Amino acid sequence: MWTAEDSIAKTARDFCDKLFAIESELDKLTTEERFKERLTQEKPVFEAFWSWAEKVAPTVLPKTQLGKAFEYAFKRREYLGNYFKNGDCAISNNAAENAIRPFTVGRKNWLFSDTPNGAKASADIYSIVETAKANRLDVFKYFELLLTVLPSMEFLTNPDIIEELLPWNISVQKICKAT
């Protein structure tokens, strides 16, 4: 049976779909261009959503799924627009969630992390892997570089030289770029 809430939910989804559609078009732009275009194209849609939501939300029963969705959105309102502050920020956290999914699925298998030191070592390794992936590096090549170069570096007495091995360093990019 169709209800008025179905229509409200569809309208809310349509606002989100519009933002994501615009965002997919801006993906090809530079950071600065994306920043400017978001303010021009997406910000009005974003503000129209909140204007609409403020009018509609009071008409929805608070304990329904839709009522809970509005409550959730309003509690996070100030953060939902953070991506307008920087052209490099993503509209959603899907990439981050997808990056950690293999680790959350496999965590029961990681019994070796039964000590704080084991857990810290695992977290360090996972951070390196995901940072390498985020910088489009071949993870195996990157670890090979780290394990080959780090032992001969004097990074304990000169910590600034570690910058030479960070995944976004141009030299590292050339050596370890994923194909």
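Provided above is the structure to which this section pertains.
The text that follows walks through the structure, step by step, so that each part is easy to find. (Residues numbered from 1 in each chain as written. Predicted model: local features only at pLDDT ≥ 70, side-chain atom pairs only at ≥ 80, totals over all residues. Heavy atoms only, no water.)

Thoughts on the nonpolar core
Then step 1. Counting 20 residues, the largest nonpolar core has Ile8, Phe49, Trp52 and Phe70 as its most contacted members.
Then step 2. For this core, the secondary structure elements donating two or more residues are helix H1 (4–26), helix H2 (31–56) and helix H3 (65–75).
Then step 3. In terms of residue count, the dominant contributor to this core is H2 (seven residues).
Then step 4. Contacts of Phe70, omitting those with residues within four sequence positions, involve Ile8, Trp52, Ala53, Val56, Ala57 and Val60.
Then step 5. Within the second largest apolar cluster, 10 residues are counted, among which are Ala132, Leu137, Leu146 and Ile161. (Core = buried A, V, L, I, M, F, W, Y, C linked by side-chain atoms within 4.5 Å. Buried < 20%, exposed > 50% of the residue type's maximum accessible area, 1.4 Å probe, protein only. Helix = DSSP H or I, 4+ residues; strand = E, 2+ residues; numbered from the N terminus. Contact = heavy atoms within 4.5 Å.)

A few points about the packing of aromatic side chains
Then step 1. Following the criterion strictly, the structure yields 10 aromatic pairs and no others.
Then step 2. Centroid distance Phe49 to Trp52: 5.9 Å. Interplanar angle 45°. Geometry classified as tilted. Taken together, the positions of Phe49 and Trp52, both in helix H2 and three residues apart, correspond to about one turn of that helix.
Then step 3. On the basis of relative accessibility, which here comes to 18%, the residue Trp52 falls in the buried class.
Then step 4. Where Trp50 meets Phe74, the ring centres are 5.4 Å apart and the plane angle is 55°; that geometry is what we call tilted. Taken as a pair, Trp50 in helix H2 and Phe74 in helix H3 lie far apart in primary sequence, 24 residues in all.
Then step 5. Residue Trp50 is classed as buried on the basis of its relative accessible area, which comes to 4%.
Then step 6. Accessibility expressed as a relative area gives 29% for Phe74, which makes it partly exposed. (Phe/Tyr/Trp six-rings, centres within 6.5 Å; stacked < 30°, edge-to-face > 60°.)

The analysis is restricted to geometry; functional conclusions fall outside its scope.
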